[in-house]
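Notes for the structure review
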Amino acid sequence: ALAIGRSNRDYGFLMKAWEKINCKLVIISDTCSLLSNNPNVIIIKDVTGDAQYPYIRHCAALILPILDGDIPSGDTVLLTSMSFKKKVVVTVPSTLGEMYIKNEENGLLVAKRDESFVALMQKILFTPYYDYLEDAARKAFLKDFSRESLGANIGGYLRDAGNVFQY
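Scoring rules and cut-offs
- Residue positions are counted from 1 within each chain, in the order its sequence is given.
- For a predicted model such as this one, the threshold for reporting local features is a pLDDT of at least 70, and the threshold for listing and counting side-chain atom pairs is 80 or more; totals across whole chains, interfaces and linings nevertheless cover every residue.
- With hydrogens and water stripped out, all remaining heavy atoms of the structure feed into the side-chain values.
- Simply put, an axis is a line fit to the C-alpha atoms, just over the touching stretch for a helix, and the angle between two N-to-C directions goes from 0 to 180 degrees.
- In this text, helices come from DSSP runs of H or I with a minimum length of four residues, and strands from runs of E with a minimum of two, each type numbered from the N-terminal end.
- Small angles under 35 degrees read as roughly parallel and large ones over 145 as roughly antiparallel, with 65 to 115 read as roughly perpendicular and the rest as oblique.
- By convention, the crossing between two helices is left-handed when the near helix turns anticlockwise from the far helix through less than a right angle, and right-handed when the turn is clockwise.
- Two residues form a contact once any of their heavy atoms are found within 4.5 Å.
- For this classification, Asp, Glu, Lys and Arg are treated as charged, while Ala, Val, Leu, Ile, Met, Phe, Trp, Tyr, Cys and Pro are nonpolar and the rest, including Gly, are polar.
- Nonpolar cores are built from buried Ala, Val, Leu, Ile, Met, Phe, Trp, Tyr and Cys residues. Side-chain atoms within 4.5 Å join them into one set.
- In this scheme, a residue with accessible area under 20% of its type's maximum is buried, one over 50% is exposed, and one in between is partly exposed, where area comes from a 1.4 Å probe on protein chains only.

Some remarks on the packing of helix α1 (residues 11–18) against helix α5 (residues 114–126)
Relative orientation of the contacting elements α1 and α5 amounts to 70°, with a least axis distance of 10 Å. Taken together, α1 and α5 sit at an angle that is classed as roughly perpendicular. The handedness of the crossing between α1 and α5 comes out as right-handed. Between α1, through F13, L14, K16, A17 and W18, and α5, the contact on the second element is made entirely by D114, F117, V118, M121 and L125. Taken together, the residues of the contact of α1 with α5 sort by class into 8 nonpolar, no polar and 2 charged.

Spelled out as structure tokens, the structure:
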């Protein structure tokens, strides 16, 4: 599993919950100051730019543990992961959950309660139950969040506005 991002992440919650999950977790963040004694938790601080893509490509699930649900953050990581057909887990409350994720349709939303989070992660990582989310995430990305969909939406708005621009 992978958690990546510099700002507004609750890596403390994630690391505490991960004590009950027997699976590797990679945290990529140059701003994470936490240390882990858990042999399943690997914290990497020197991955930037395009070097993040292999980690996203090869993870079983991408986790966005949001610290403050009122602060928008994590959009790029979330959308990149969806475009890579990844099962995405976002803690709530979160603006990401409000704007991008339809729970159990294209990703998963979970409260930051150890027992709920751990149970969900066990199901995601060790059963095929949520495997359908991989294709669903990619389809949602292409339909709603890709550059092509952005252009189509803008074009539609302009058409609906009755050709308000004169050329």
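Digging into the nonpolar core
Nonpolar side chains in soluble globular proteins tend to be buried together. Counting residues in each nonpolar core, the largest one holds 27 residues, and the members touching the most others are W18 and F117. Once residues within four sequence positions are removed from consideration, W18 is found in contact with A1, C23, K24, L25, N38, N40, V41, I63, F117, M121 and L125. One finds V90, Y100, I101 and A137 within the second-largest nonpolar core, a separate group that totals 23 residues.

Quick look at the environment of A1
Position of A1 relative to the elements: it lies in the segment before β1 (2–4). Between the C-alpha atoms of A1 and C59, which are 58 residues apart in sequence, the distance is 5.4 Å. Beyond its immediate stretch of four places on either side in the chain, A1 contacts W18, K24, L25, V26, A61, I63 and L125.

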